[in-house]
Amino acid sequence: MVYHGKPHVKIYDVIFKALGVVRSRALGIGDSYRTDMRGALDAGAKGLLVAGGIHRRELLYAAKIDPQMLRGLNR
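All of these numbers come straight from a predicted model, not from anything done at the bench. (Residues numbered from 1 in each chain as written. Predicted model: local features only at pLDDT ≥ 70, side-chain atom pairs only at ≥ 80, totals over all residues. Heavy atoms only, no water.)

Asks: A description of the overall build of the protein should follow, citing residues and the corresponding values.
Replies: In terms of helices and strands, the protein carries four helices and four strands. Listed N to C, the secondary structure of the protein is α-β-α-β-α-β-β-α in terms of helices and strands. Residue pairs in contact within the protein that sit at least 24 positions apart in sequence constitute 25% of those at least 6 positions apart. Accessible surface, the protein as shown: approximately 5,600 Å² in total, 60% of it carbon and sulfur. Here the protein contributes 13 positively and 6 negatively charged side chains, and the mean placements of these two sets differ by 3 Å. (Helix = DSSP H or I, 4+ residues; strand = E, 2+ residues; numbered from the N terminus. Contact = heavy atoms within 4.5 Å. Areas by Shrake-Rupley, 256 points an atom, 1.4 Å probe, with all protein chains shown as cover. Lys, Arg positive; Asp, Glu negative; His and termini not counted. Charge placed at Lys NZ, Arg CZ, Asp CG, Glu CD.)

Asks: Which residues make up the pattern of salt bridges, and what values do they have?
Replies: Under the counting rule described, the total for this entry stands at three salt bridges. Residue R34 is joined to E58 by a salt bridge in which the shortest nitrogen-to-oxygen separation is 4.0 Å. On the criterion of sequence distance, the pair formed by R34 in helix α2 (residues 33-42) and E58 in helix α3 (residues 56-59) is long-range, its members being 24 residues apart. In this structure, R38 and D42 form a salt bridge, with 3.2 Å as the shortest nitrogen-oxygen distance. Note that R38 and D42 are positioned in helix α2 at a spacing of four residues, about one turn of the helix. Accessibility expressed as a relative area gives 26% for R38, which makes it partly exposed. (Salt bridge = Lys/Arg side-chain N within 4 Å of Asp/Glu carboxyl O. Buried < 20%, exposed > 50% of the residue type's maximum accessible area, 1.4 Å probe, protein only.)

Asks: Summarise a nonpolar patch on the surface; cite the residues concerned and give the values.
Replies: Among the surface-exposed residues, L27, I29, L48 and V50 lie close enough to one another that they form a single nonpolar patch of about 370 Å² accessible area. The class for L48 is partly exposed, based on a relative accessible area of 43%. (Patch = residues over 30% accessible without salt bridge, like charges linked within 9 Å, V, L, I, M, F, W, Y side chains within 5 Å.)

Asks: Kindly report on the environment of D13, identifying the contributing residues and their values.
Replies: Topologically, D13 is positioned in helix α1 (residues 9-19). Once the C-alpha coordinates of D13 and R56 are considered, the two residues, 43 residues apart in sequence, prove to be 29 Å apart.

Asks: Tell me about the pairing of strand β1 (residues 27-30), and please be specific about residues and values.
Replies: Along β1, the buried face is formed by G28 and G30; none of L27 and I29, which line the opposite face, is buried. Two elements, β1 and strand β2 (residues 46-49), share four bridges in a ladder whose sense is parallel. Residue pairing for β2: L27 is matched across the bridge by K46. Following the chain from β1 across α2 to the adjacent parallel β2, one finds a crossover that is right-handed. (Pairing = 2+ DSSP bridges. Right-handed = clockwise from strand over helix to strand, strands pointing away.)

Written out as structure tokens, the structure reads:
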């Protein structure tokens, strides 16, 4: 079995080629650092993390993102 989903760069290669997208001008948007953000960044795109998604308990405190928790997701 071969898995070709996020965060693997191959899936981004296919999408960028099919759509004619320039990597440096692409923006990946998602709520998972480990798949959405890591995949976009590894593929050469930028990433926008939706903090109120699956990491909301880790990141949000009094409606503000805790920078320490965000750094901890990058492991």
